[in-house]
Amino acid sequence: MLNKIDHLGIAVKSLDDAVAFYEKALGLTCQAVEEVESQKVRTAFFHVGDTHIELLEPTSEESPIAKFLAKNGEGIHHVAYQTDDIQGQLNQARDSGCKLINEEPVSGAGGKKVAFLHPKSTHGVLTEFCSPEG
Ligand code: CO
């Protein structure tokens with residue numbers, strides 16, 4: 001079962017510039033900045049009520065975020081749903097014909113387990129499943 005939208009991932013060219021916008025223009029407080037080696041990104045997290053905003057800046061030209069920015073420019077990159085059963089959700093999606101990016105959960109920001117569905121089979125929205133915090 002999907003519990004809630006855990007976060008929206010937003011691709012940005014400069015994490016520093018974007019963090020300044022979210023703090024100054026929107027009044028949010030950056031909770032954590034973390035580099036995720038496996039995804040070649042630097043991330044910044046903001047709490048917004050019960051959900052989060054995740055800013056993503058590429059750390060390499062090979063980063064999926066660098067490719068996204070080259071193709072689409074800055075903007076919403078993915079929607080992440082929180083679930084207690086990532087593998088079960090992956091199996092359900094695969095069994096219904098959905099193409100998976102991750103066949104099983106991998107480590108993401110904040111020590112959470114994450115897995116992605118391919119946007120070609122999700123009506124254009126890169127879809128993430130993630131475990132609850134802690
Ligand atoms: Co995410």
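Everything numeric in this text was worked out from a predicted model, so none of it was measured. The residue numbering used here restarts from 1 in each chain and proceeds along that chain's sequence as written. In keeping with the model being predicted, local features are shown solely for residues with a pLDDT of at least 70 and side-chain atom pairs are shown and tallied solely at 80 or more, while totals for entire chains, interfaces and linings include all residues. As a rule here, side-chain values come from all non-hydrogen atoms in the structure, and water together with hydrogens is ignored.

Visitor: What exactly am I supposed to notice about the pairing of strand β8 (residues 127-130) here?
Guide: Put simply, side chains in a regular strand alternate between the two faces of the sheet. Relative accessibility thresholds used throughout: buried, under 20% of the residue-type maximum; exposed, over 50%; partly exposed, between the two (1.4 Å probe, protein chains only). Secondary structure elements follow DSSP: runs of H or I no shorter than four residues count as helices, runs of E no shorter than two count as strands, and numbering proceeds from the N terminus. A two-sided burial pattern is seen for β8, the buried positions comprising T127 and F129 on one face and E128 and C130 on the other. In this description, strands pair whenever DSSP reports at least two bridges between them. As paired elements, strand β5 (residues 75-83) and β8 share four bridges and run parallel to each other. For Y81, the partnering residue across the bridge sits in β8 and is F129. Bridge count for strand β7 (residues 113-117) against β8 is four bridges, and the pairing is antiparallel. Its bridge partner being in β8, A115 is matched across the sheet by F129.

Visitor: What is the right way to look at the pattern of salt bridges in this model?
Guide: Note that side chains of opposite charge can pair when their charged atoms are close. When a carboxyl oxygen of Asp or Glu lies within 4 Å of a side-chain nitrogen of Lys or Arg, that pair is called a salt bridge. Applying the stated criterion across every chain, the model contains five salt bridges. As a salt-bridge pair, K4 and D50 come within 3.3 Å of each other at their nearest N and O atoms. A residue pair is termed long-range when its members are at least 10 positions apart, and K4 in strand β1 (residues 2-11) and D50 in the loop between β3 (41-48) and β4 (51-58) qualify at 46 residues. You can call K4 partly exposed: its relative accessible area is 23%. Accessibility expressed as a relative area gives 61% for D50, which makes it exposed.

Visitor: Explain the environment of T122 to me, please; I cannot follow it from the model alone.
Guide: For T122, the location among the structural elements is in the loop between β7 and β8. Measuring from C-alpha to C-alpha, the distance between T122 and L100 comes to 9.9 Å, with 22 residues separating the pair along the chain.

Limitation: the analysis is restricted to geometry and does not speak to function.
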